[in-house]
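Observations on chain architecture
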Amino acid sequence: MNANTQVEQNMDVKPHHKEQSRVSKVFKQLWKSKTGTVGLVIVLCVILMAVFADIIAPYDHTETNVSARLLPPFWMEGGSFNYILGTDNLGRDVLSRIIIGSKVSLLVGIASVIVAGAIGLFLGLVSGYYGKWIDQVIMRLVDSFLAIPNILFMLIILAVIGPSLTSIIIVLGVTTWVIYARMVRSETLSIKERDYVKSARAIGASDYRIIKKYILPNVVSSFIVIATLNVATTIILESSLSFLGLGIQSPDVSWGLMLSDGRDYLATSWWVATFPGLAITITVLGIIFLGDWLRDMLDPKTKS
Amino acid sequence: MRYFLSSILKVIPVLLMISFIVFFLVRLTGDPVSLMLPETATDQQREDLRQSLGLNDPIYIQYFTYMADVIQGDFGESFRYNQPAIDIVLERLPASFTLAISSMIIATIIAVPAGIYSAIKRNTFADLIITGSSVLGKAMPNFWLGIMLILILAVQFSIFPVSGSGTIAHLVLPSITLGTAIAAEMTRLIRSSMLEVLGSEYIRTARSKGLRETIVVNKHALRNALIPVVTIMALQTATLIGGTLITETVFSWPGMGQLLVQAVNARDMAVVQAATFIIAILVILSNLTADLTYRFLDPRIKYED
Amino acid sequence: MKLKLSIFALMMMFFLVACNPDSSEVDTGDEESSGETAEDDELVIANGSDMVTFDIHDHNNTSTEAIHVNLFNYLVKADGNGGFVGDLAEEWENIDERTWKFQLREGVTFHNGEEFTADDVKFTLERVANDDTLLEHGNYNQIAEVNVINDYELEIITENPEPALLNRLSRLGSGMLPSDYIDEEGWDTFLEEPVGTGPYQFTEWVKDDRVVLEPYEDYFGEAPKWNKVTFRSIPEDSTRVSELLTGGVDIAANIPPEDWERIEGDDAVKLADSPSQRVMMLVLRTAENEVTGDPKVREAIDLAIDNEAIVENLYNGAATPTRTRVTPGNNGANEDLYGQSNYDPERAIELLEEAGYGDGLEISFDAPSGRYLKDRETAELIQAMLSEVGITVDLQFNEWSTFTDKYSSRSFGEMFMIAYGNSMFDAALALDRLTQAQNEGETDYINDEVEQLLTEAESNMNQEERVKQYQKAQELIAEDRPHIYLFQMDSVYGLQENVDFEPRLDEMFYVDDLSKN
């Protein structure tokens, strides 16, 4: 299945040239790419919202009020400014839940990418750098993981260990590391053969030093691109898990959980599910725009 | 040929690893007995059932017994259906395949023209719209799209049946639901594949020779850009099957996806194992086929090891 | 584009080869589309889950039994008032404490034409009584043997005096099976082509999709009404409701409260509801070293919970507050405790002060999530209500498998929530969990009077006295509160406007009791 690796490498991640200082260039380019700017602004807003969630949110996300159940948003008849985006079936404020839910959604997205990235980086480096049987073993492991659909894998594990914030993060991480491992491995393979690495080895530089000094810096930008895009993927996966009943569990709240719980109200009280759905869509949109821009910037080939 | 054989040989350790992963995952599920009996069952009833299911043996013995059976094509009995698990899974395959293929068709019909067009018209308004919608298609969770399609196209306008199976009409909404995410991904990939080809040396040469743009695109670029698409499609097999879990549940489509969701919920281990195994084999086979097709179509590609 | 097509054709071929064409077709195209209302002589019913199996002894699933009752008959049927009427049995008598004699109806045939005789009864009941791998075994191992006297007469001998035998025989697991057919063709054939004595016979079962039945012309009772009956499985609530609204199904089971408005607002469809056997309740630890070991704390919890408010707000009124699990329609029901709730938050605060918890106390509370209708919301409201009187509740939601793990290992904290059903329609099953043999590590409930009442009643063949014993026990339990009963849940169905259907307490679909006009 080397062709896959190759294609992926061609399509997704392109080998790039040496790292240079480009802070000022970065900002100039960011400004040029309108989608990149939009993406960055969205992502920054969401992060700020998550960080200051407890301060911004008008209500506590668990605060129920049975006399104010399923109130519509303020601009509709029956709505009020007390609940700007309306209330859910227990009379909880939708806006507050979205704001507080951003914490969990982002945490799940980012933390699971860190877990997956760490596993993938480690195994990819080992596999690409040392080669031989260890490469074979790791690559067969990669193939095994690729052969089982992510969502099925997660469904089984979460059914085993039970869904909680920690277990969801770990499971998302453990099932999505493959993409990083493949990318890191193929980059490592090509860098390993370069002359300066060969000569470093000839002088007797340790493996650790070679990896740290020559390989890691060359892998890092492709890595960041994939990681960014995967934050979006995991946010969506988390909502699918909620649909299957194995996502974030109440009283915690995430956008995925709100969307999934709200689906029964789509026909009668659309706002319960639509606003968290919008939050997911906008955030994912922002992340993908940002990721694409990062890719364009770090990869000279598709640059116009 | 040698490449083919070595690819086949690689499949064996992969299957072993999968069997290992799946078995231990599933066996750690805790106690299936408490899920099989009603809330009112007595402790004695629980213990009896556990004994009769062989759940009191040490776990490695359970694994070896299991593997010995699997090699003979026996995945054990389904708790839920009291039938061989493999039969239940195979019975569901045709339904899932019908759905998967029609989703793939829909995805291809959307993605190929969209991807090519947005690459040719790079950085125009049309490109922005196509790229934007493909991001939207990716950002929409499957179940949400499915429910919305039901509410609009089935309930509001009565164009398609809500759920179930039986006619071609039943296939439309679930296929759109499942195909959208794939289409979004494919569009993006085709676009960048196309851009790469368009920027390459020989296309520039073709252009400089003064060939008409449509000929350049159709004759030279398209062919080279579409070859990798085969592989992309194969790589999507796992995602596609993963998507059936949710889509089939929303539309009560009687395929393997719904079976798996129900089986996991009921801790019907035998079915989960059999289905995961079958899925893994299918994914591996489709990747292998794509790999070989790719090689066949583009002999320039060289293979390491 | 040619290239693309050829690649595609290749993929398709691969898929088709790999898919190993099987007998169960999906795209036959000859099935009736569910996009339009079925014919007048056809009936389509949508359940929230698929039928489990045709092995009537190896499941405990009410919605599966609801389908089976059309294919199989019991010896006797519950009349809904604690009595019984004959079905396959015409007469029966209790000869001594352990012996019951049955006289069978003559001229009954199975769907394959064979005659139904006492041998079939012996086969059916002894199979489940003797095979301990069957899920219903625990409800039938009270039967020692079945003696065939002649084709139409038999005796059932029980291990111990068994006052609830008729309850057992009028429910899940007692559908009479064709012994000759199964002997000759094997059990697996029976599971694929089940044969019973009922008004409808099996046509097909596409798993997770539909079970189709057709009328059996030689049925011994009134001629079957429907030309075709389809039970569909539609797990997703919103999809099931959408099917109802578009006329794809005649009846949809388990309609969640949030969709009632949609159904009520549509002239083509309507709602029907009935109490069910399921009672939502809290189970508390009563051992002395627990905070909930203090009866005052338990009473305070009970008084702090406003059952009416839960029923009104979460269930739109489709539930009935109760202080017992033995609800009307069950043998031994104590109707004085039914429909009651004793909400009194001020008294609850006083009780907590008397118990020495004036400054508040903390208890743990486990609830299942997604298992029962509105379980999560109910638990959240209870948490909020208890905090009003100064009880801090550490609420833990459990996905069902986690819940059952904790349940069977009895590792819940002070309090957990569960909704039990009762397919036996008898107080014995409902109160069994409170006997000292069963409650160890769960409630650890000790009340010698209750224990004595329950033990005596279990084998008391004097029905009147037995009912009194159970009623008394329920009163004592309602005072002691090892269980705090919350409410009896309704089952709610959506119907097409032209369908007449009286939902049943036992949730069965006897399709010939339904009509369309």
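Residues numbered from 1 in each chain as written. Chains lettered and ligands numbered in written order. Predicted model: local features only at pLDDT ≥ 70, side-chain atom pairs only at ≥ 80, totals over all residues. Heavy atoms only, no water.

1. So, the UniProt feature "transmembrane region" (unreviewed entry) in chain A
Residues and elements named next belong to chain A. Mapped onto this structure's residue numbering, the UniProt feature "transmembrane region" (unreviewed entry) falls at residues 38–59, 106–131, 151–180, 219–248 and 268–294. Secondary structure across residues 38–59 comprises 82% helix and 0% strand; the distance between its end C-alpha atoms is 29 Å. End C-alpha to end C-alpha, residues 268–294 measures 41 Å, and it is 89% helix and 0% strand. (UniProt positions renumbered as here; feature names shortened; annotations may be inferred. Helix = DSSP H or I, 4+ residues; strand = E, 2+ residues; numbered from the N terminus.)

2. Comments concerning the interface of chain A and chain C
With 21 residues of chain A in contact, the opposing surface of chain C contributes 19 residues. Carbon and sulfur atoms supply 48% of the area buried between chain A and chain C, which totals about 1,700 Å² over both sides. When the buried area of chain A at its contact with chain C is split by residue, Leu90, Ser250 and Asp264 of chain A rank highest and sum to 28% of it. Put simply, chain A and chain C have 3 salt bridges between them. The salt bridge partner of glutamate 236 of chain C is arginine 263 of chain A, with a shortest N-O separation of 2.5 Å. For the pair chain A and chain C, the interface holds 4 residue pairs in polar contact (both at pLDDT 80 or more). Partitioning the side of chain A that touches chain C into residue classes produces 9 nonpolar, 7 polar and 5 charged. (Contact = heavy atoms within 4.5 Å. Buried area = accessible area lost by both parts, 1.4 Å probe. Salt bridge = Lys/Arg side-chain N within 4 Å of Asp/Glu carboxyl O. Polar contact = N/O pair within 3.5 Å; in protein donor to acceptor, adjacent residues only side chain to side chain. Nonpolar A, V, L, I, M, F, W, Y, C, P; charged D, E, K, R; others polar.)

3. Here we look at the sheet that holds strand β6 (residues 143–150) of chain C
Residues and elements named next belong to chain C. Pairing within the open sheet is antiparallel, and its 4 strands lie in the order β4-β5-β7-β6. Each edge of the open sheet carries a strand with a single partner, namely β4 (89–96) and β6. On average, each strand axis in the sheet is tilted by 20 degrees relative to the strand beside it, whichever way the strands run. Relative to strand β7 (residues 153–158), strand β5 (residues 99–104) runs antiparallel, the two sharing 5 bridges. Along β7, the bridge assignment pairs phenylalanine 102 with leucine 154. Packing of helix α3 (residues 118–130) onto the sheet brings it into contact with β5, β6 and β7, and relative to β6 it is tilted by some 170 degrees. (Pairing = 2+ DSSP bridges. Axes fitted to C-alpha atoms, helices over the stretch in contact; angles between N-to-C directions.)

4. Here we look at helix α9 (residues 295–304) of chain C
An α-helix turns once per 3.6 residues; consequently, residues spaced three or four apart project the same way. All names here are of chain C. In terms of burial, α9 is largely enclosed, as 7 of its 10 residues are buried. Within the span of α9, buried status applies to Val297, Arg298, Ala300, Ile301, Asp302, Leu303 and Ala304. If you check the start of α9, you find a side-chain oxygen 2.9 Å away from the backbone N of lysine 296, and it comes from aspartate 294. (Buried < 20%, exposed > 50% of the residue type's maximum accessible area, 1.4 Å probe, protein only.)

5. Re the packing of aromatic side chains
Taken as a whole and assessed by the stated rule, the structure comprises 31 aromatic pairs over all chains. Seen from their ring centres, phenylalanine 74 of chain A and tryptophan 75 of chain A are 5.2 Å apart, and the 90 degrees between their planes marks the pair as edge-to-face. Look at phenylalanine 74 of chain A and you get partly exposed, because its relative accessible area is 31%. The class for tryptophan 75 of chain A is partly exposed, based on a relative accessible area of 49%. Taking the centre distance of 4.6 Å and the plane angle of 40 degrees together, the rings of tyrosine 219 of chain C and phenylalanine 220 of chain C count as tilted. What makes tyrosine 219 of chain C buried here is its relative accessible area of 16%. The lysine or arginine in question, lysine 207 of chain C, covers the ring of tryptophan 205 of chain C, its NZ or CZ lying 5.1 Å from the ring centre. (Phe/Tyr/Trp six-rings, centres within 6.5 Å; stacked < 30°, edge-to-face > 60°. Lys NZ or Arg CZ within 6 Å of the ring centre and 35° of its normal.)

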